[in-house]
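# Summary of the model geometry
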Amino acid sequence: MKKVLMLTLVLLLGFSNLVFAAPSESEVIASFKSYVDKEVKKALVSYETNNEMIFIIDRPQPPDWLKPPFWRRVHFTLNGEYDVDLRKNDSLIRPYIGILKIYKVNYYEDFSSKEAAEQCVSPKYRDTKHYTFSIAYQEDKWVVTKVELQYNGELKTNSIYDVLKIEPKVGYLH
């Protein structure tokens, strides 16, 4: 009877490793790529409509710009191409860390009147924002742990989509 009980316990322990096994490295890589792709595609959809704004600026700006008040036309774009990297981590809580680097590009031009801004089809100046997302694999899901905007430092967020989507500013004139 003891042998049967011991054999049963050994078999249960052996099969429990199969049932509760951590995902394979290839599954984690596929999961990371899928997560990032889904979030970036969701953000890209937000640029399909309402991706331009015309608004008035009534405060002084850096040299060589028009004196206020002036009108600015901005065309928002998100580069659908991005770089990802994934590495193993020594942490038991976050065994994998992923990095996403992506660019958000806004084209803009300033005008002395709203009418002139409305007639502009292709603004000539470019403002590129370079984002770096740190994403951890934790509790079987991907979690944004840090977002850095080049030259502006760290941003408070927990979502790729929330950072990259278009979000027209309240109070601006369209």
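Attention here is on the structure that accompanies the text.

### Digging into the pairing of strand β4 (residues 125-138)
Bridge analysis of strand β3 (residues 96-111) against β4 gives 13 bridges, and the strand direction is antiparallel. Counterpart to Gly98 in the pairing with β4 is Ile135. In this structure, β4 lies alongside strand β5 (residues 141-149), joined through 8 bridges in antiparallel fashion. Looking at the pairing, Ile135 lines up with Val144 of β5.

### A look at the pattern of salt bridges
For the structure shown, the criterion picks out 6 salt bridges. Among the salt bridges present, the one from Lys41 reaches Asp37, with a minimum N-O distance of 3.2 Å. Here Lys41 pairs with Asp37, and both are found in helix α2 (residues 25-45), just 4 residues apart, close to one helical turn. Given the relative accessible area of 28%, Asp37 is considered partly exposed. Of the charged contacts in the structure, one is a salt bridge between Arg73 and Glu52, with a shortest N-O distance of 3.0 Å. Of the two residues, Arg73 sits in strand β2 (residues 70-88) while Glu52 sits in strand β1 (residues 52-57), which places them 21 residues apart along the sequence. Glu52 sits in the partly exposed class, given a relative accessible area of 28%.

### Some thoughts on the pairing of β3
Buried residues dominate β3, accounting for 13 of its 16 residues. Bridging between β2 and β3 involves 15 bridges; their strand directions are antiparallel. Residue pairing in the sheet places Val84 in a bridge with Leu100 of β3.

### Re the nonpolar core
Among soluble globular proteins, nonpolar side chains are generally buried collectively. Of all hydrophobic cores here, the largest spans 30 residues; its most connected members are Phe133, Ile135, Ile160 and Leu164. Among the elements of the structure, α2, β1, β2, β3, β4, β5 and α4 (160-164) are those that each provide at least two residues to this core. Ranked by size, the runner-up nonpolar core spans 5 residues in total, among them Trp71, Phe111, Ala117 and Cys120.

### With respect to the environment of Ile166
For Ile166, the position within the fold is in the segment after α4. Overall, Ile166 belongs to the buried group, its relative accessible area being 13%. Along the primary structure Ile166 and Asn51 are separated by 115 residues, whereas in three dimensions their C-alpha atoms are 7.1 Å apart. Every residue in contact with Ile166, bar those within four places of it in the chain, is listed here: Ser46, Tyr47, Asn50, Asn51 and Phe76.

### A word on the packing of aromatic side chains
Taken as a whole, this structure holds 5 aromatic pairs when the rule is applied. Aromatic rings pair up to connect Phe32, Tyr96, Tyr137 and Trp142 into one cluster. Over the aromatic face of Tyr161 sits the side chain of Lys42, whose NZ or CZ is 4.8 Å from the ring centroid.

### Remarks on the side chain of Thr132
Summarising the element assignment, Thr132 is placed in strand β4. Classification of Thr132 as buried rests on a relative accessible area of 17%. Sequence-distant contacts of Thr132, defined by excluding residues within four places in its chain, comprise Ile99, Leu100, Lys101, Lys146, Val147 and Glu148.

Definitions and cut-offs
- Residues numbered from 1 in each chain as written.
- Predicted model: local features only at pLDDT ≥ 70, side-chain atom pairs only at ≥ 80, totals over all residues.
- Heavy atoms only, no water.
- Pairing = 2+ DSSP bridges.
- Helix = DSSP H or I, 4+ residues; strand = E, 2+ residues; numbered from the N terminus.
- Salt bridge = Lys/Arg side-chain N within 4 Å of Asp/Glu carboxyl O.
- Buried < 20%, exposed > 50% of the residue type's maximum accessible area, 1.4 Å probe, protein only.
- Core = buried A, V, L, I, M, F, W, Y, C linked by side-chain atoms within 4.5 Å.
- Contact = heavy atoms within 4.5 Å.
- Phe/Tyr/Trp six-rings, centres within 6.5 Å; stacked < 30°, edge-to-face > 60°.
- Lys NZ or Arg CZ within 6 Å of the ring centre and 35° of its normal.

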